[in-house]
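Here is how the chains run, residue by residue.
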Amino acid sequence: MDDTHHLIWNGDPILLHLGPLAIRWYGLCFALAILLAYELGKRVLEGEGWSRESVDSYLGYVVVGTIVGARLGHCLFYEPGYYLSHPLEILFIWKGGLASHGGAAGILLATWFFVRKHHYPYLMLADRVALISPVAATFIRVGNFFNSEIIGHPSNVPWAIVFERVDRLSRHPTQLYEAAFYAVTAFFMVWLYRNTEAGKRPGVLLGTVLVVIFGFRFLIEFLKENQTPFEARLPLDLGQLLSIPAVAIGIWLILRARRRPLAVVPAA
């Protein structure tokens with residue numbers, strides 16, 4: 001496919017070297033994702049009367065749940081054979097390999113552990129963390145772009161990009177499609193929280209994020225290359241198969257919330 005008129009991307013995934021330590025662009029983007037989501041979460045929760053100690057405690061759970069869930073999701077969903085044979089390498093997170101579906105599951109599980117200890121309504125809290133999750137997703141996909149990974153199918157659209165570290169074909173920059181969509185979703189979720197009663201209907205914000213984010217993820221996968229060889233044998237790729245139950249749960253949460261009265265948001 002002719003790449004003469006397309007942007008060529010050959011960026012070094014390593015930002016800088018500090019002695020034997022390599023700082024990667026992906027690591028920087030991941031750190032920014034955590035920091036910005038943390039700051040937004042702090043503003044939301046403190047605005048609802050949470051103490052600084054409770055905010056820091058809960059968001060600490062979320063950070064750990066995100067990293068552990070995303071790592072385990074990649075290892076067990078995409079390369080189970082390898083990592084079950086080399087279990088210690090699951091800990092080598094600096095080598096890369098994170099999965100958004102696993103990260104979402106990790107966040108929800110971390111929230112469950114927190115509410116068991118602090119007796120806060122689960123869905124109300126899950127709604128708040130869902131509100132900030134598109135911010136993190138935006139920066140993580142930018143990091144994927146710097147790594148020249150999660151690339152799209154070959155294409156001649158005017159904005160196609162040649163990922164020279166992969167091959168010489170012009171392709172859909174699917175990482176940037178996702179990053180842009182998640183950024184718009186982040187603004188939409190903040191608007192929904194501030195201008196409607198969604199925040200007082202437990203499950204609406206979480207359900208909306210699940211439907212919007214994973215609904216888009218299902219569609220964008222049609223433009224992506226498979227991430228692992230075994231996906232070629234599946235009727236849909238793994239990202240799509242994992243997105244279907246997420247969307248179904250989101251729809252159920254929204255319908256369930258609409259049948260229930262408004263709830264009072266408690267402080268912690």
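Above this text sits the structure in question.
Parameters and conventions
- Residues numbered from 1 in each chain as written.
- Predicted model: local features only at pLDDT ≥ 70, side-chain atom pairs only at ≥ 80, totals over all residues.
- Heavy atoms only, no water.
- Pairing = 2+ DSSP bridges.
- Helix = DSSP H or I, 4+ residues; strand = E, 2+ residues; numbered from the N terminus.
- 1 Å grid on protein atoms, 1.4 Å probe; cavity = no way out; pocket = protein on both sides within 12 Å on 5 of 7 lines; lining within 4 Å.
- Points joined across faces, edges and corners; volume = space filled by probe spheres on them.
- Nonpolar A, V, L, I, M, F, W, Y, C, P; charged D, E, K, R; others polar.
- Buried < 20%, exposed > 50% of the residue type's maximum accessible area, 1.4 Å probe, protein only.
- Phe/Tyr/Trp six-rings, centres within 6.5 Å; stacked < 30°, edge-to-face > 60°.
- Patch = residues over 30% accessible without salt bridge, like charges linked within 9 Å, V, L, I, M, F, W, Y side chains within 5 Å.
- Areas by Shrake-Rupley, 256 points an atom, 1.4 Å probe, with all protein chains shown as cover.
- Salt bridge = Lys/Arg side-chain N within 4 Å of Asp/Glu carboxyl O.
- Contact = heavy atoms within 4.5 Å.
- Axes fitted to C-alpha atoms, helices over the stretch in contact; angles between N-to-C directions.
- Parallel < 35°, antiparallel > 145°, perpendicular 65-115°, else oblique.
- Left-handed = near helix turned anticlockwise from the far one by under 90°.

Draft legend 1. Main features of the pairing of strand 2 (residues 14-18). As paired elements, strand 2 and strand 3 (residues 21-24) share four bridges and run antiparallel to each other. The residue of strand 3 that forms the bridge with I14 is R24.

Draft legend 2. Examining the layout of surface pockets more closely. Counted as a void, the second largest pocket has a volume near 380 Å³. Residue lining of the second largest pocket: 17 residues in total, with L40, V135, A186, F187 and V190 positioned closest to the centre. Going through the elements one at a time, helix 1 (25-47), helix 5 (122-146) and helix 6 (174-195) are the ones with two or more residues in the lining of the second largest pocket. Residue classes in the lining of the second largest pocket are distributed as eleven nonpolar, two polar and four charged.

Draft legend 3. Structural context of unusual backbone geometry. Its identity as a non-glycine residue notwithstanding, H119 has a phi of 60°, on the positive side. Relative to the elements of secondary structure, H119 occurs in the loop between helix 4 (100-118) and helix 5. On the basis of relative accessible area, H119 is assigned to the exposed category, the value being 70%. Phi is positive for I150, which is not a glycine, with a value near 55°. Residue I150 is classed as buried on the basis of its relative accessible area of 15%.

Draft legend 4. Layout of the packing of aromatic side chains. On inspection of all chains with the given rule, the structure shows 18 aromatic pairs. Considering the side-chain rings of F145 and F146, the 6.3 Å spacing of their centres and the 75° angle between planes classify their relative orientation as edge-to-face. Of the two residues examined, F145 and F146, each falls in the buried class. Relative to Y182, the ring of F181 has its centre 6.2 Å away and its plane inclined at 70°; by these criteria the two rings are edge-to-face. According to the relative accessible area criterion, Y182 is buried, its value standing at 4%. Feature note: the residues W9, W25, F145, F146 and F163 constitute an aromatic cluster, connected by ring pairs.

Draft legend 5. Geometry of a nonpolar patch on the surface. Residues L15, L16, L18, L21, L28, L32 and L36 make up a contiguous nonpolar surface patch of about 550 Å² in total accessible area. At the level of elements, strand 2 and helix 1 are the ones that each hand at least two residues to the nonpolar patch. Tracing the backbone through its elements, the reader meets L21 in strand 3.

Draft legend 6. The arrangement of the sheet that holds strand 5 (residues 170-171) in detail. If you trace the three strands from one edge of the open sheet to the other, you get 1-4-5, paired in mixed fashion. Both edges of this open sheet fall to strand 1 (7-9) and strand 5, since each of them pairs with a single strand only. The pairing of strand 4 (residues 161-163) with strand 5 spans two bridges and is classified as antiparallel. When the bridges of strand 5 are listed, V162 appears paired with S170.

Draft legend 7. Structural detail: the pattern of salt bridges. Counting across every chain of the model gives eleven salt bridges. The salt bridge partner of D167 is R171, with a shortest N-O separation of 2.5 Å. Judged by its relative accessible area of 21%, D167 falls in the partly exposed class. Taken together, the salt bridges that share partners define one network made up of R141, E178, R217, E221 and K224.

Draft legend 8. Inspection of the environment of H74 at higher detail. Topologically, H74 is positioned in helix 2 (residues 52-78). Judged by its relative accessible area of 13%, H74 is buried. Remark: the alpha-carbon pair of H74 and V135, spanning 61 residues in sequence, is separated by 21 Å. If sequence neighbours within four positions are ignored, H74 has contacts with E79, Y83, G97, L98 and A99.

Draft legend 9. Main features of the packing of helix 1 against helix 5. Running from N to C, helix 1 and helix 5 point in directions that differ by 160°, and their axes come no closer than 8 Å. Accordingly, the angle class assigned to the pair helix 1 and helix 5 is roughly antiparallel. Pair helix 1 / helix 5 crosses with right-handed handedness. Between helix 1 and helix 5, the residues in contact are W25, Y26, C29, F30, L32, A33, L36, A37, L40, G41, V44 and L45 and L125, R128, L131, I132, V135, A136, F139, I140, V142, G143, N144 and F146, respectively. Split by residue class, the contact of helix 1 with helix 5 holds 20 nonpolar, three polar and one charged.

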